[in-house]
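# An overview of the molecular structure
Now for the letters of each chain:
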Amino acid sequence: GAVVSQHPSWVICKSGTSVKIECRSLDFQATTMFWYRQFPKQSLMLMATSNEGSKATYEQGVEKDKFLINHASLTLSTLTVTSAHPEDSSFYICSAPRTGRLNNEQFFGPGTRLTVL
Amino acid sequence: GDSVTQMEGPVTLSEEAFLTINCTYTATGYPSLFWYVQYPGEGLQLLLKATKADDKGSNKGFEATYRKETTSFHLEKGSVQVSDSAVYFCALSEPGGGNKLTFGTGTQLKVEL
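Here we summarise the structure given alongside this text. Per chain, the residues get numbers from 1 upward, laid out in the order the sequence is written. Numbering of ligands from 1 and lettering of chains from A proceed in the order in which they are written. Since the coordinates come from a predicted model, pLDDT governs what is reported: local features require at least 70, and pairs of side-chain atoms require 80 or more to be given and counted, while whole-chain, interface and lining totals use all residues. Side-chain numbers come from the whole structure's heavy atoms, not from hydrogens or water.

### Looking at the overall build of chain A
To qualify as a helix, a DSSP run of H or I must reach at least 4 residues; to qualify as a strand, a run of E must reach at least 2; elements of each kind are numbered from the N terminus. Summing up its helical and strand segments, chain A has zero helices and eleven strands in all. Scanning chain A from its N terminus toward the C terminus, one meets helices and strands in the order β-β-β-β-β-β-β-β-β-β-β. Computed over its C-alpha atoms, the radius of gyration of chain A comes to 14 Å, within 12% of the 13 Å expected for a compact globule of 117 residues. Based on the C-alpha atoms only, the size of chain A along its principal axes is roughly 45 × 30 × 25 Å. Within chain A, the proportion of its 117 residues that are buried is 49%. Note on definitions: a residue-residue contact is assigned when non-hydrogen atoms from the two residues lie within 4.5 Å. Looking at chain A alone, contacts between residues at least 24 apart form 54% of all its contacts between residues at least 6 apart. Each accessible area value is a Shrake-Rupley result obtained with a 1.4 Å probe; residue values ignore everything except the protein chains displayed when judging cover. Accessible area for chain A stands at about 6,100 Å²; split by element, carbon and sulfur atoms hold 51% of it. Here chain A holds 11 positive side-chain charges and 9 negative ones, and the gap between their average locations is 3 Å. When we talk radius of gyration, it's over C-alpha atoms, and the globule rule is simply 2.2 Å times the number of residues to the 0.38. Relative accessibility under 20% of the residue-type maximum defines a buried residue, over 50% an exposed one, and the middle range a partly exposed one, all with a 1.4 Å probe and only protein chains included. By the counting scheme adopted, Arg and Lys are positive, Glu and Asp are negative, and His together with the chain ends is not counted. Lys charges are placed at NZ, Arg charges at CZ, Asp charges at CG and Glu charges at CD.

Next comes the structure, spelled out in structure tokens:
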């Protein structure tokens, strides 16, 4: 099946620094990717839709200047958490839909654990 | 807005026991419904789905039926195995929603020998 990778799998950073997380579709092209955030024992919350070649679409309440998204190619989207603070500590997950003849199926990355000290 | 409610876990069962994980939803339209599974250290994987009322999704012995009248999509398996231990997420997607998924909180299943 299709594979989506994320890098890094975990990161620890100091408050005030910026962290970049990569999401790659390894064997298919994705014009759209999604970024989710998951708090412990809570559901995945959609943060934004990453669009190749155009601006990302952010969900209500998500600060676009804080969570910068760049969809540089058909296989790569990056999420940069700028000026990170402890409240940004979370599990970040990306997904990419693969368009098929019969249906679309979303493939998820394994997630990135961000801890801000 | 759309929402998905799942039973809280963890659910602990003995091997070969019957499994039910409840899921109900609220949606403005006629959504597609999904169950995703997340094994330790891995990304979410699609387990099964149903796209219209009364459809039954099935895979790996798991089943779920799209019940419009009760807005439910409960996950069932007749005989669980230790290898089924994972976190299970119920989700929905609205037609024309651009592949966006709304997830439940996830239910952790632990199967013991």
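The structure having been displayed, the exposition proceeds.
### A word on the environment of A:N70
All names here are of chain A. Residue placement: N70 occurs in strand β7 (residues 67-73). Once the C-alpha coordinates of N70 and Y92 are considered, the two residues, 22 residues apart in sequence, prove to be 15 Å apart. Apart from the residues lying within four places of it in its own chain, the contact partners of N70 are L76, S77 and T78.

### Description of the side chain of B:D84
Locating B:D84 in the fold gives a position in the loop between β9 (75-77) and β10 (86-93). Leaving out residues up to four positions away in the same chain, B:D84 has contacts with B:F62, B:K77, B:L109 and B:V111.

### Some points on the state of the cysteines
Any cysteine sulfur atom paired with another within 2.5 Å is treated as part of a disulfide. Enumeration according to the criterion identifies two disulfides over all chains in this entry. Between the sulfur atoms of A:C23 and its disulfide partner A:C94 the distance amounts to 2.0 Å. Its S-S torsion of about 80 degrees marks the bond between A:C23 and A:C94 as right-handed, since a negative value means left-handed. Of the two residues, A:C23 sits in strand β3 (residues 19-25) while A:C94 sits in strand β9 (residues 90-99), which places them 71 residues apart along the sequence. Pair check on accessibility: A:C23 and A:C94 agree, each one buried. In this model, B:C23 is linked to B:C90 through a disulfide, with the two sulfur atoms separated by 1.9 Å. On the S-S bond that ties B:C23 to B:C90, the torsion sits near -70 degrees, and the link is left-handed. Of this pair, B:C23 sits in strand β4 (residues 23-26) while B:C90 sits in strand β10; the two residues are 67 residues apart in sequence, bridging distant segments of the chain. On the accessibility criterion, B:C90 (1% relative accessible area) is buried. Its sulfur unpaired, A:C13 is 18 Å from the next cysteine sulfur, which belongs to A:C94.

### Here we look at unusual backbone geometry
A cis geometry characterises the amide bond from A:H7 onward to A:P8, with omega recorded as 0 degrees. Structurally, the position occupied by A:P8 is in the loop between β1 (4-7) and β2 (10-13). Each neighbour pair has its own omega, and for B:G9 with B:P10 the value is 0 degrees, a cis peptide bond. In this fold, B:P10 is placed in the loop between β1 (3-6) and β2 (11-14). In this model, A:S83 sits at a positive phi of 45 degrees, which is unusual for a non-glycine residue. Structurally, the position occupied by A:S83 is in the loop between β8 (76-81) and β9.

### Quick notes on the pattern of salt bridges
Residues and elements named next belong to chain A. A pair is scored as a salt bridge if a Lys or Arg side-chain nitrogen falls within 4 Å of a carboxyl oxygen belonging to Asp or Glu. Following the criterion strictly, the structure yields six salt bridges over all chains and no others. Among the ionic pairs, D88 bridges to K66, the shortest N-O distance being 2.9 Å. Of this pair, D88 sits in the loop between β8 and β9 while K66 sits in the loop between β6 (57-58) and β7, and the two are 22 residues apart along the sequence.

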